[in-house]
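Fold and contact review
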Amino acid sequence: MNDEIFMQLAISEAKKAYAEGEVPIGAVLKDESGVLVCAEHNRIEQLDDATAHAEILLLRTATKILGRRKLSTCTIYVTVEPCAMCAGALVLCRLKRLVYGAVDSKFGACESIFNVTNNSALNHRLLVTAGVLENNCRELMQKFFAERRR
């Protein structure tokens, strides 16, 4: 399966978040053979937990399913550039690759504000692919926040 197919799955998760009144961010994880391991979306409001970002929930689930904390053969697909907390978690889990859709100019920590995922001071770096189905991901976020501001 290619990046766009997995990003479509992440967008489906983001739409679930949207329907639940959460900021519409979705994430999916595939293993080295291209098999979907798990999928998640933001649940910050639902769980009343500031750390309940799609990426964090996904990593928690994936480590349980795979039975290991190092996910060095896995790729994560996220609809929006991860924040500093999530980017740090991706590094700590030793993910092989990150693919994301829309840039986050306010909180992004992979290229926008910080570059946690490829910081030479850290002992692990991820391969990063940005802009996959970017318009679809950005439009979902813009629609969500436009509705909230009415």
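The following refers to the structure shown. (Residues numbered from 1 in each chain as written. Predicted model: local features only at pLDDT ≥ 70, side-chain atom pairs only at ≥ 80, totals over all residues. Heavy atoms only, no water.)

Following the sequence through the fold, Asp 104 ends up in the loop between strand E4 (97-102) and strand E5 (127-130). Although buried, Asp 104 forms no salt bridge, and the nearest oppositely charged side chain, Lys 106, lies 7.6 Å from it. Separated by 3.1 Å, the side chain of Asp 104 and the backbone nitrogen of Phe 107 make a polar contact. Those residues in contact with Asp 104 that lie beyond four places of it in its chain are Val 80, Glu 81 and Ser 112. (Helix = DSSP H or I, 4+ residues; strand = E, 2+ residues; numbered from the N terminus. Buried < 20%, exposed > 50% of the residue type's maximum accessible area, 1.4 Å probe, protein only. Lys, Arg positive; Asp, Glu negative; His and termini not counted. Salt bridge = Lys/Arg side-chain N within 4 Å of Asp/Glu carboxyl O. Polar contact = N/O pair within 3.5 Å; in protein donor to acceptor, adjacent residues only side chain to side chain. Contact = heavy atoms within 4.5 Å.)

Looking now at the nonpolar core. The biggest cluster of nonpolar side chains holds 30 residues, and the ones touching the most others in it are Leu 29, Leu 71, Ile 76, Leu 95 and Leu 98. Of all the secondary-structure elements, those providing two or more residues to this core are strand E1 (26-30), strand E2 (36-41), helix H3 (54-66), strand E3 (75-80), helix H4 (84-92) and E4. In this structure, Ala 10, Val 99, Ala 102 and Leu 133 belong to the second largest nonpolar core, which totals eleven residues. (Core = buried A, V, L, I, M, F, W, Y, C linked by side-chain atoms within 4.5 Å.)

All right, on to the environment of Glu 32 then. As for its position among the elements, Glu 32 is in the loop between E1 and E2. Of the residues examined, Glu 32 reaches a relative accessible area of 57% and is grouped as exposed. It is 21 Å that separates the C-alpha atoms of Glu 32 and Asn 118, two residues lying 86 residues apart in sequence. Those residues in contact with Glu 32 that lie beyond four places of it in its chain are Arg 68 and Thr 73. A polar contact is formed between the side chain of Glu 32 and the side chain of Thr 73, at a distance of 2.7 Å.

Before going further, it helps to spend a moment on the sheet that holds E4. In space, the five strands of this open sheet follow the order E2-E1-E3-E4-E5, with mixed pairing throughout. At either margin of the open sheet sits one strand with a lone partner, and together these are E2 and E5. Pairwise comparison of adjacent strand axes, ignoring direction, gives a mean angle of 15° for this sheet. When E4 meets E5, the two strands line up parallel, connected through four bridges. If you follow Val 99 over to E5, its bridge partner there is Thr 129. In the packing of H3 onto the sheet, contacts are made with E1, E2 and E3, and the angle to E2 comes to roughly 150°. (Pairing = 2+ DSSP bridges. Axes fitted to C-alpha atoms, helices over the stretch in contact; angles between N-to-C directions.)

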